Structure formats: C-alpha cells, structure tokens
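Chain and residue survey
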Amino acid sequence: MSRFANISLVNFPTLPPDEPDRLRKTLDRMCGYVADAAQEQSDIVAFPEICNCLDTADPSDVAEPLDGPTVTALAQAARQHELYVVCPLIVSEDGRRYNCAVLIGR
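Cut-offs applied
Residues numbered from 1 in each chain as written. Predicted model: local features only at pLDDT ≥ 70, side-chain atom pairs only at ≥ 80, totals over all residues. Heavy atoms only, no water. Helix = DSSP H or I, 4+ residues; strand = E, 2+ residues; numbered from the N terminus. Buried < 20%, exposed > 50% of the residue type's maximum accessible area, 1.4 Å probe, protein only. Polar contact = N/O pair within 3.5 Å; in protein donor to acceptor, adjacent residues only side chain to side chain. Salt bridge = Lys/Arg side-chain N within 4 Å of Asp/Glu carboxyl O.

**Focus: the side chain of Arg-22**
Mapped onto the elements, Arg-22 comes out in helix H1 (residues 22-39). Taking relative accessible area as the criterion, Arg-22 reaches 12% and is therefore assigned buried. One polar contact links the side chain of Arg-22 to the main-chain carbonyl oxygen of Leu-15, over a distance of 2.9 Å.

**Comments concerning the pattern of salt bridges**
Per the counting criterion, the structure on display carries five salt bridges. Salt-bridge contacts for Asp-21 lead to Arg-24; the nearest nitrogen and oxygen are separated by 2.5 Å. Given the relative accessible area of 45%, Asp-21 is considered partly exposed. In this structure, Asp-28 engages Arg-24 in a salt bridge whose closest nitrogen and oxygen atoms are separated by 2.7 Å. Residue Asp-28 and its partner Arg-24 are located together in helix H1, separated by four residues, close to a single helical turn. Taking the relative accessible area as the measure of exposure, Asp-28 reaches 45% and is therefore partly exposed. Taken together, the salt bridges that share partners define one network made up of Arg-3, Asp-43 and Arg-106.

In structure tokens form, the structure reads like this:
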C-alpha cells in the first residue's frame, strides 16, 4: 500500500552568534516554520543539520540532551500541529556528543 506525504524542507537565515537569547529566538522561528508547514498541509517538516545552532563557531558547545530545549520545543509544535518533525542537532548523552537527526512524532 502506498501513500503520498507532503514534506516541507526548511532553510532559514541564522541569527548572529552573539545575538542575546539566540537559542530561544531560533526555536521561536523554527516553531513558526512548523506552523507554516501545517498551513501548507505538510505531513513532515525537515530542518537542516544542527539547525538550532547554525553558524556557531563550535557547535559542540551547544550539545543538548534529548529532553533539552530544542527537542522539547519542536515536540510541542509537532503535537500542536499534528505533523512529524525531523530535527538534526548535536545530542549530549553519557558525556559524549552525537550528531543526530531526531524524528519527532505527531
């Protein structure tokens, strides 16, 4: 059985690395893109690699646990808008960092 899926691919301009409260502002923008994708009746929204810290001098400095601010914010947006979100970010687990793509369900 096959089924078509509408996929929104997001690419967005970054905020300056020294922007105050940069992560929160970036997450607000990303959640806005999720809402936009829902308006377009997308099933899946996919963000670019290390989307929460693009253009950071050392992205490993912003590694988060899976229950950190990025996945938490996007999980809430995915649930609210009933779509899937692909969120590539650097995850910190057991003292190690991993470049991951987290699939967040509806």
